[in-house]
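The chain contents come next:
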Amino acid sequence: MEEYKRVKLLLIFLTVSSVATSASPWLPMDGNYPGSYCLSWRLAIETNNVRAWRTVPVQCMRYVEVYMLAGQYDRDVQLIVEQIRVYLNEIVLPGDGMDAWIFDVDDTCFSNVFYYRLKRYGCDPYDPTGFRSWAMKGESPAIQPVLELFNELIETGFKVILVTGRDEETLGQATQENLHNQGFTGYERLIMRTPENKKHSATIYKTAIRKQVVEEGYRIWGNVGDQWSDLQGEYSGNRTFKLPNPMYFVP
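From a predicted model like this one, the values you see are computed outputs, not experimental measurements.

## What to know about the overall build of the protein
Scanning the protein from N- to C-terminus turns up 10 helices and 5 strands. When burial is assessed residue by residue, the protein has 49% of its 251 residues classed as buried. Here the contacts in the protein between residues at least 6 apart in sequence split such that 71% fall between residues at least 24 apart. When the accessible surface of the protein is totalled, it reaches about 12,500 Å², and 55% of it is carbon and sulfur.

Have a look at this one:
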């Protein structure tokens, strides 16, 4: 965690320094600047108005870098978590142990921003081999507000179920260790892709998993993910909460 903080502070310093010493084209000064387009583009993808995009526009690389590292991403996540807490205060649990909350894993529980920094923050096409190598290291740092929420949910009595698109055979152990090392312990189960659902889209795969959870008798009170495919489809839960992610799209 300390290493993560040191590296992030260094990246922020370098980013801010470059802003101060250049006529920065990504700053949203008016509609004629690329930054204005990038702000509109990020709004469009977060609201799911732009779909099936494969890469971040090259002119938006610096914009995404600053968004992810200079504080705005952290503030956005914190605000969403605060809204989840408002919702939690409205819930009265029956106390039968069947109250569930679902989380995605990548860029929901922990962050892959250091990997995507090497991929120009999503300007490069998705590299499954490269990502697998990164994930095998188990070095993704926790997204701190989500970790705090995760622990609060468990303490309150929710059964937290993690549903990820990662492959169980190749990344099962690394993912479990990464979660444990970052403080994600005490969850009910971690569900990963198997050969039976490997070729399904994320929406179809995760909908099927949620259907299974509901058929087991669980009530899904909440569902948190960074992709619309984490949240769409049937059995999505009483409330869904979308975390920001301008670096990649999962159909």
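## Details of the packing of aromatic side chains
Counted by the stated rule, this structure contains 13 aromatic pairs. A centroid spacing of 6.4 Å and a plane angle of 15° characterise the contact between Trp101 and Phe241, whose relative ring orientation is stacked. Taken together, the positions of Trp101 in strand β1 (residues 99–103) and Phe241 in strand β5 (residues 239–242) put the pair 140 residues apart, joining distant regions of the chain. Pair check on accessibility: Trp101 and Phe241 agree, each one buried. Residues Tyr115 and Tyr116 carry aromatic rings whose centres are separated by 5.0 Å and whose planes lie at 85° to one another, so their mutual orientation is edge-to-face. Taking the relative accessible area as the measure of exposure, Tyr116 reaches 6% and is therefore buried. One aromatic cluster is present, formed by Tyr115, Tyr116, Phe131, Trp134 and Tyr248 through successive ring pairs.

## Examining the environment of Leu39
Relative to the elements of secondary structure, Leu39 occurs in helix α2 (residues 34–46). Assessed through its relative accessible area of 37%, Leu39 is described here as partly exposed. Once the C-alpha coordinates of Leu39 and Tyr67 are considered, the two residues, 28 residues apart in sequence, prove to be 9.8 Å apart.

## Things to note about unusual backbone geometry
Despite not being glycine, Arg120 shows a phi value in the positive range, around 55°. With respect to the element layout, Arg120 can be found in the loop between α5 (113–118) and α6 (128–137). A relative accessible area of 35% means that Arg120 is categorised as partly exposed. Phi is positive for Tyr121, close to 55°, though the residue is something other than glycine. Summarising the element assignment, Tyr121 is placed in the loop between α5 and α6. Residue classification places Tyr121 among the buried residues on the basis of a relative accessible area of 4%.

## Concerning the pairing of strand β2 (residues 159–167)
Most of β2 is tucked away, with 7 of its 9 residues classed as buried. Pairing between β1 and β2: 4 bridges, direction parallel. Directly across from Ile102, in β2, lies its bridge partner Ile161. Inspection of the sheet shows β2 paired to strand β3 (residues 189–193) by 4 bridges, in the parallel sense. Bridging from a neighbouring strand, Asp167 pairs with Arg193 of β3. In the classification by handedness, the crossover that spans β2, the intervening helix α8 (residues 168–181) and the parallel β3 is right-handed.

## Topic: the sheet that holds β3
Judged by pairing direction, the sheet is parallel, and its 5 strands sit side by side in the order β3-β2-β1-β4-β5 without closing on themselves. This sheet does not close on itself; its edge strands, each paired only once, are β3 and β5. Strand after strand, the sheet turns through a mean of 20° between neighbouring axes, direction not considered.

## With respect to the environment of Pro94
Relative to the elements of secondary structure, Pro94 occurs in the loop between α4 (72–88) and β1. Accessibility expressed as a relative area gives 55% for Pro94, which makes it exposed. A sequence separation of 63 residues divides Pro94 from Gly157, and the C-alpha atoms of the two residues are 10.0 Å apart. For Pro94, the contacting residues outside a window of four places in its chain are Asp99 and Arg219.

Thresholds applied
Residues numbered from 1 in each chain as written. Predicted model: local features only at pLDDT ≥ 70, side-chain atom pairs only at ≥ 80, totals over all residues. Heavy atoms only, no water. Helix = DSSP H or I, 4+ residues; strand = E, 2+ residues; numbered from the N terminus. Buried < 20%, exposed > 50% of the residue type's maximum accessible area, 1.4 Å probe, protein only. Contact = heavy atoms within 4.5 Å. Areas by Shrake-Rupley, 256 points an atom, 1.4 Å probe, with all protein chains shown as cover. Phe/Tyr/Trp six-rings, centres within 6.5 Å; stacked < 30°, edge-to-face > 60°. Pairing = 2+ DSSP bridges. Right-handed = clockwise from strand over helix to strand, strands pointing away. Axes fitted to C-alpha atoms, helices over the stretch in contact; angles between N-to-C directions.

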